[in-house]
Amino acid sequence: MESIEILTVLESFINNDLGKKNDNLSLDTKIKDLGGWDSLTNIKFTVLIETKYNIKFSIREVIGWKTLNDVIGNIIKKSL
């Protein structure tokens, strides 16, 4: 599984499923910089990822997400 492929999926979740229009997302995009991001959005985002990839994250893992690259790293690690 490639980081760029996962980034495309995350971008779709953010822009379409969560309604947070953000252009130019990259691996270095900070989650705190995504417009209108709050704790409920973070839960929805986590559930979308867990459902798509059939994985589960601990609260510690989710709290550790600072950038989209952190999220992608956890997805890849859990998918192995």
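Note that this is a predicted model, so its numbers are computed, not measured.

### Focus on a nonpolar patch on the surface
Residues Leu40, Ile43 and Val47 make up a contiguous nonpolar surface patch of about 280 Å² in total accessible area. Overall, the relative accessible area of 51% leaves isoleucine 43 in the exposed class.

### Details of the packing of helix α1 (residues 3–17) against helix α4 (residues 68–79)
It is the contact of α1 with α4, at a shortest axis distance of 10 Å, that shows an interaxial angle of 115 degrees. The interaxial crossing formed by α1 with α4 has right-handed handedness. Facing α1, whose interface residues are Ser3, Ile6, Leu7, Leu10 and Ile14, α4 presents Leu68, Val71, Ile72, Ile75 and Ile76. For the contact of α1 with α4, the class distribution of residues is nine nonpolar, one polar and no charged.

How each quantity is defined
Residues numbered from 1 in each chain as written. Predicted model: local features only at pLDDT ≥ 70, side-chain atom pairs only at ≥ 80, totals over all residues. Heavy atoms only, no water. Patch = residues over 30% accessible without salt bridge, like charges linked within 9 Å, V, L, I, M, F, W, Y side chains within 5 Å. Areas by Shrake-Rupley, 256 points an atom, 1.4 Å probe, with all protein chains shown as cover. Salt bridge = Lys/Arg side-chain N within 4 Å of Asp/Glu carboxyl O. Buried < 20%, exposed > 50% of the residue type's maximum accessible area, 1.4 Å probe, protein only. Axes fitted to C-alpha atoms, helices over the stretch in contact; angles between N-to-C directions. Helix = DSSP H or I, 4+ residues; strand = E, 2+ residues; numbered from the N terminus. Left-handed = near helix turned anticlockwise from the far one by under 90°. Contact = heavy atoms within 4.5 Å. Nonpolar A, V, L, I, M, F, W, Y, C, P; charged D, E, K, R; others polar.

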